[in-house]
Amino acid sequence: MNNTTIYLAPRGFEKELEKELTNIVAHKGRLFIAKGGVQKTIWAQNIWLNPVEIPISSIGDGAKQLKAIQRNWWLHSVDNHRRAKLIQAKLPHVSAKRIEYGTPKPTAPLGSWTLWEPDTIIAASRCTSPYPDGELNFVEDKETSPTRAYLKLWEIFTLLERSPKKGELCLDLGSCPGGWTWVIANTGAHVFSVDKAEIHPRIGSMPNVNFCTGSAFGLDPRHAGKIDWLFSDVICYPERLYNLVQRWLEHGECRNFACTIKFQGETDYETLEKFKKIPNSKIIHLSCNKHEVTWVKLEEWSK
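Nothing here was measured: the structure is a model prediction, and the numbers come from that model. (Residues numbered from 1 in each chain as written. Predicted model: local features only at pLDDT ≥ 70, side-chain atom pairs only at ≥ 80, totals over all residues. Heavy atoms only, no water.)

Participant: What is the right way to read the packing of helix 8 (residues 238-251) against helix 9 (residues 269-276) from this model?
Facilitator: Each packed pair of helices is defined by two parameters, the angle between the axes and the distance between the axes. For the pair helix 8 and helix 9, the least separation of the axes is 9 Å and the interaxial angle reads 20°. Taken together, the axes of helix 8 and helix 9 lie roughly parallel to each other. Between helix 8 and helix 9 lies a crossing whose hand is left-handed. Each of Pro238, Glu239, Leu241, Tyr242 and Val245 in helix 8 lies in contact with helix 9, whose residues at this interface are Thr271, Lys274 and Phe275. (Axes fitted to C-alpha atoms, helices over the stretch in contact; angles between N-to-C directions. Helix = DSSP H or I, 4+ residues; strand = E, 2+ residues; numbered from the N terminus. Parallel < 35°, antiparallel > 145°, perpendicular 65-115°, else oblique. Left-handed = near helix turned anticlockwise from the far one by under 90°. Contact = heavy atoms within 4.5 Å.)

Participant: Is there a simple way to explain the pattern of salt bridges in this structure?
Facilitator: Oppositely charged side chains are able to pair whenever their charged atoms sit close together. Applying the stated rule across the entire model yields 14 salt bridges. A salt bridge links Asp79 to Lys28; its shortest N-O distance comes to 3.3 Å. Taken together, the residues Asp79 in the loop between strand 6 (73-75) and helix 3 (81-89) and Lys28 in strand 2 (residues 24-28) connect sequence positions 51 residues apart. Since its relative accessible area comes to 18%, Lys28 is described here as buried. When the shortest N-O distance is used, the salt bridge between Glu135 and Arg30 registers 3.4 Å. (Salt bridge = Lys/Arg side-chain N within 4 Å of Asp/Glu carboxyl O. Buried < 20%, exposed > 50% of the residue type's maximum accessible area, 1.4 Å probe, protein only.)

Participant: Looking at this structure, I do not really get helix 8. What am I missing?
Facilitator: Since there are 3.6 residues in each turn of an α-helix, residues three or four apart along the chain are aligned in direction. Across its 14 residues, helix 8 extends 20 Å between first and last C-alpha, which sits within 8% of the 20 Å expected from 1.5 Å per residue. Three or more residues of helix 8 are buried, namely Pro238, Leu241, Tyr242, Leu244, Val245 and Trp248. Around the axis of helix 8, the buried residues are gathered within 160° of arc, so they sit on the same side. Next to the buried residues of helix 8 lie strand 10 (169-173), helix 7 (221-224), strand 13 (227-232), strand 14 (254-262), helix 9 and strand 16 (292-297). Trailing helix 8 by a residue or two, Gly252 shows a phi angle of about 75°, which is positive. (Expected span 1.5 Å × (residues − 1). Arc of directions from axis to C-beta.)

Note that every value here comes from positions in space, so none of it alone points to a role or purpose.
Quick look at the structure:
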């Protein structure tokens, strides 16, 4: 396992990750082992750093060797499932309960492991995500928000450890029925919400929300003034979203962006490359994303 890295694909997006990676030497299920250090990827839900191969003589031996490395381990099973679960049962329990939104990111190291062969564990004591399999599963609010799209913003704000501040001005384009507007307004920021459809009355009546009927693409940045955040979860072709973002970047009066790039059919790799080249930005596949990714640009990134 010397000089290798392991990448975990999101559920259903193995082909996308496989196309993105180079130097793949092995693959089982959603796990891809590639030579070399960490590659820049969009389609990796979690990355296992400096993995090691551990020969084991028994179930008890497997658990003993993992515990000798560190306390907390998460099993990602790709083969030999029953034997792997018996090993996991001998390790300290790691909770997989749903996360209350607003809970800080875990600080305790969480390693990942799999039983690659009946007598061989592959494990990494460090991963890029502190969450099991890199997935954030929240305790959902099934009453207030009109759709589950709000989970994307919960995840973005949790991962970035950043969200709009009280009094900041935010623009939510293509906002209806209003899930993102609801999340943003709950930060204390002021939200200018724009869509051709009608916003949910409960959200439109929030005191720090102003709703305007109109096109997300028809708003002229020159008429908007200074904006602290621009948000978009609008359904459109990636190229059209890129052109919209460029208009706001050229205007230069918006500090931070968070936009969903939604693919209509095949993944639009050409437009993804254009987004990648925008300075001070990154593209993330969220646990809550389907065939889409989230592009984020911050004026200042946390260190």
